[in-house]
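Observations on the three-dimensional arrangement
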Amino acid sequence: MAAVLTCFSTYLDHYPGFATDPAATMIKSALFLGTYIGGVTFTGSLIAYGKLNGNLSSNPLMLPGRHALNAGLLAANAGAMGYFLMDPSLGVGMAMLGTTAALSGAMGVTLTMAIGGADMPVVITVLNSYSGWALCAEGFMLNNNVMTVVGSLIGASGAILSYIMCVAMNRSLPNVILGGFGTGSTGTGKPMEITGTATVWDVDQTVQAIADSRNIIIVPGYGLAVAKGQYPVAEMVSLLRKKGKNVRFGIHPVAGRMPGQLNVLLAEAGVPYDVVLEMDELNVRYFPQTLISPLLLEPTTP
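Residues numbered from 1 in each chain as written. Predicted model: local features only at pLDDT ≥ 70, side-chain atom pairs only at ≥ 80, totals over all residues. Heavy atoms only, no water.

What to know about a nonpolar patch on the surface
On the surface, a cluster of nonpolar side chains totalling about 370 Å² of accessible area is made up of Met1, Leu5, Phe42 and Leu46. By the element assignment, Met1 lies in the segment before helix H1 (2-14). Exposure remark for Met1: the relative accessible area of 42% places this residue in the partly exposed category. (Patch = residues over 30% accessible without salt bridge, like charges linked within 9 Å, V, L, I, M, F, W, Y side chains within 5 Å. Areas by Shrake-Rupley, 256 points an atom, 1.4 Å probe, with all protein chains shown as cover. Salt bridge = Lys/Arg side-chain N within 4 Å of Asp/Glu carboxyl O. Helix = DSSP H or I, 4+ residues; strand = E, 2+ residues; numbered from the N terminus. Buried < 20%, exposed > 50% of the residue type's maximum accessible area, 1.4 Å probe, protein only.)

In structure tokens form, the structure reads like this:
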């Protein structure tokens, strides 16, 4: 929202000089893109917060023709940008900025509502990247090198982290952003057949296994973050370590990248940082079981 308001105020401030400024087109382009990105980021962040906080259902909202709707919103924004750059009048400029603010806000809602709660870690990093590019656009229009550089760093780092998380899930970024994972519309082929027998433990068996074990690895994720379970887990770890057990945490490259990240949540609860490790740092001998991605249970996708 700050990016949107800054773009509006900067347009009003710079408008008298647009007629003679040779860089007017670049400044106006940065203003429009900053408004568009800021609108998508603002409403998308609100929806993501609502899903993570439990105010909204974490299930994806599959609107009929949602892809056509999002494509239409994108085309309308492109048309508004063309009109904004071609018409030099103040009234049209403000109207087009208002139009893209409204359209991009709606697009942020439709895009994020279609994404399930389990994919929110990726959505958060994508929105973080968007905010960086919005800041970068503001740096261009305000001729502020610090804002431009910092915005580029935030945008690039968010994009890289989003890519890493998608690779870890064996999915593409468009597949996540377009939504629908976990619903019947994600594929049409025959589901992959899973062979073998699953081992299911109840609470008593889990407690007994922990009591009998010397080396314990906890892989926290989405459920712990949503349930705010880091504090009781930290108490349990403290008790186990006092009993001489070697307890460590394995941070999954996707599930561990919640807002604030699970590393920070665990540190906040008092878990010693030296026992919080990346999955790749843990010796493979501690993971004899085969972990099956829920994607394998879905009909095959391109």
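Re the sheet that holds strand S2 (residues 246-251)
Taken together, the 3 strands give an open sheet; going across it, the order is S1-S2-S3, and neighbouring strands pair in parallel fashion. Lying at the two open borders of the sheet, with one neighbouring strand each, are strand S1 (215-218) and strand S3 (276-278). For this sheet the average axis-to-axis angle between neighbouring strands, irrespective of direction, equals 35°. Along the sheet, helix H10 (residues 230-242) contacts S1 and S2; its crossing angle with S2, the most-contacted strand, is approximately 145°. (Pairing = 2+ DSSP bridges. Axes fitted to C-alpha atoms, helices over the stretch in contact; angles between N-to-C directions. Contact = heavy atoms within 4.5 Å.)

Remarks on the pairing of S2
For S2, the tally of buried residues reaches 5 of 6 residues, placing the bulk of the element in the interior. Summarising the sheet, S1 and S2 pair through 4 bridges and their orientation is parallel. Looking at the pairing, Asn215 lines up with Asn246 of S2. Pairing between S2 and S3: 3 bridges, direction parallel.

Some words on the packing of aromatic side chains
For the structure shown, the criterion picks out 5 aromatic pairs. With centroids separated by 6.4 Å and ring planes inclined at 90°, the aromatic side chains of Tyr15 and Phe18 adopt a geometry described as edge-to-face. A relative accessible area of 27% places Tyr15 in the partly exposed class. What makes Phe18 buried here is its relative accessible area of 12%. Geometrically, the ring pair formed by Phe32 and Phe84 is tilted, given 5.7 Å between the ring centres and 40° between the ring planes. You can see Phe32 sitting in helix H2 (residues 24-53) and its partner Phe84 sitting in helix H3 (residues 66-86), a full 52 residues away along the chain. Put simply, the rings of Tyr11, Tyr15, Phe18, Phe32 and Phe84 touch in pairs and so form one group of aromatic residues. When the ring centre of Phe18 is taken as reference, the NZ or CZ atom of Lys28 above it lies at 6.0 Å. The residue whose ring lies beneath Lys28 is Phe84, and the NZ or CZ to ring-centre distance is 5.0 Å. (Phe/Tyr/Trp six-rings, centres within 6.5 Å; stacked < 30°, edge-to-face > 60°. Lys NZ or Arg CZ within 6 Å of the ring centre and 35° of its normal.)

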